[in-house]
Amino acid sequence: MNPETHLKTKILIVGKGVSGLLLSYLLEKKGIECILLNKEVTASATILAETIPPSTLSLLKDIDMLTLFEKCATKTYGYQSIWNGIFKNEDFFSHNPFKYGLKLNKRKVIFELEKKVASRIINYNQLKNITSKTSEVTTIIKSNNTKYVIESSLIIDATGRNRAVLNSLNTPIISHDNNIAFIGYLPKTKTSLKYGFFTETFENGWGTISDLNETTRIMTLYSSKNDAFHKKLKVFSNWDEILINTQVLKKHLPPGDFKVIGRLANSSIPQKIVGKNWLSVGDAAMAFDPISSHGISNAIYCAIKASNSINDFITKNNLTSFNKYQETIIKIFNQYYQIKERLYS
Ligand SMILES: Cc1cc2nc3c(=O)[nH]c(=O)nc-3n(C[C@H](O)[C@H](O)[C@H](O)COP(=O)(O)OP(=O)(O)OC[C@H]3O[C@@H](n4cnc5c(N)ncnc54)[C@H](O)[C@@H]3O)c2cc1C
């Protein structure tokens, strides 16, 4: 018979991305015990040079995380773009108090955050069941040969766009579009890249080129799954033709054939962000189009706000702060979506 382990904790966090790890760190600082569950999925293995804007650095400073994030990033001073043939230069020098943003190596940050988190991390293979009753949640997982039965007061979905907890609890997801990203890791061409980041539109979508390290750049092309054209983006040898009318992106295409990795990049939000004994954070709570460059900022913001709401829930035993958290998330998502729509139109 397989061994069965029973565990009890106040908070069970599912997902070991920036939002899940940061939340467990902040809860521990408040003296709230948690267990963090993680299931490795291929989507998390992608290394992206993710941009954090100057405005988010103040958030990191407030929670004493700026040094850790800076250790896993290079500073960036802006970006350039061409939208509908119009060239734009956005530099960060006029932003206060930080006059720079960060180009983050997410894998490195996760490694560093993990060292800071004392809570028990359990890697598992299979999520068997989540049962939510009024006062507690029972989660059953399988890790190799061991079956874990974990009882918690709250369960947190931090599984990104996978939304493993929300799906188990049958929470519907509202997806606003079907955007999809195709990523290629390319050797640097001789064409230089001011600020290490450029965005440009092409006929059926838009793309970015971004410095990853001394030798590699990441080119990502975005389109919609609704458009049959997206299938062409899967094959690197088509990129020459797709980018033929671009001014900058085409200059960064090196000769040769390269692997292309597809990732979901849609804007989506669950019908409910919180429940009686569950709450969602990061991409699980609201997923932004990468055009916003605010996915990591959202993960950080949600972790801070959720840690305060959870603290209130535990000390005051009421759901008011959960409802406020939900209202804030919905408000931010609506604002973001209006801006995004304007940009696309
Ligand atoms: C192409 C692309 C470019 C992007 N560029 C930027 C950018 O420039 N700037 C920016 O700020 N953001 C960017 N983002 C978005 C950013 O990466 C995410 O918003 C952010 O990482 C979300 O963090 P998270 O912790 O919520 O989720 P994730 O990082 O998705 O972490 C989720 C974690 O949950 C785990 N998991 C998944 N399923 C399960 C399960 N069933 N059980 C347990 N664990 C599970 C995963 O392994 C992972 O560790 C980009 C995204 C894409 C796709």
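Above this text is the structure in question.
Keep in mind that what you see is a predicted model, and the values were worked out from it rather than measured. (Residues numbered from 1 in each chain as written. Predicted model: local features only at pLDDT ≥ 70, side-chain atom pairs only at ≥ 80, totals over all residues. Heavy atoms only, no water.)

**Q** Quick question: what am I supposed to make of helix α1 (residues 18-29) here?
**A** Two residues of an α-helix separated by three or four positions point the same way, owing to the 3.6 residues in each turn. Across its 12 residues, α1 extends 16 Å between first and last C-alpha, which sits within 8% of the 16 Å expected from 1.5 Å per residue. Taken across its 12 residues, α1 has 10 buried, putting it largely inside the fold. Of the positions making up α1, those classed as buried are Val18, Ser19, Gly20, Leu21, Leu22, Leu23, Ser24, Tyr25, Leu26 and Leu27. Downstream of α1 by one or two residues, Gly31 has phi in the positive range, about 80°. (Helix = DSSP H or I, 4+ residues; strand = E, 2+ residues; numbered from the N terminus. Expected span 1.5 Å × (residues − 1). Buried < 20%, exposed > 50% of the residue type's maximum accessible area, 1.4 Å probe, protein only.)

**Q** Please clarify how the sheet that holds strand β5 (residues 78-83) should be interpreted in this entry.
**A** Adjacent strands of a sheet form backbone hydrogen bonds with each other and so pair up, either parallel or antiparallel. Strand order in the open sheet formed by seven strands is β6-β5-β14-β15-β16-β13-β17, and the pairing between neighbours is mixed. What marks the edges here is a single partner per strand, and that holds for β6 (86-91) and β17 (260-264). Each strand of the sheet is rotated relative to its neighbour by a mean of 20°, with strand direction disregarded. (Pairing = 2+ DSSP bridges. Axes fitted to C-alpha atoms, helices over the stretch in contact; angles between N-to-C directions.)

**Q** Can you walk me through the pattern of salt bridges in this structure?
**A** Think of it this way: side chains of opposite charge can pair up when their charged atoms draw near. This model, assessed by the stated rule, comprises 14 salt bridges. Put simply, Glu151 and Lys8 hold a salt bridge, and the shortest N to O gap is 3.5 Å. On the criterion of sequence distance, the pair formed by Glu151 in strand β11 (residues 146-157) and Lys8 in strand β1 (residues 4-14) is long-range, its members being 143 residues apart. What makes Glu151 partly exposed here is its relative accessible area of 26%. Its relative accessible area of 62% is what places Lys8 among the exposed residues. Of the charged contacts in the structure, one is a salt bridge between Asp211 and Arg217, with a shortest N-O distance of 2.6 Å. Classification of Asp211 by relative accessible area gives partly exposed; the value is 22%. A single salt-bridge network, built from bridges that share partners, covers Lys71, Glu112 and Lys115. (Salt bridge = Lys/Arg side-chain N within 4 Å of Asp/Glu carboxyl O.)

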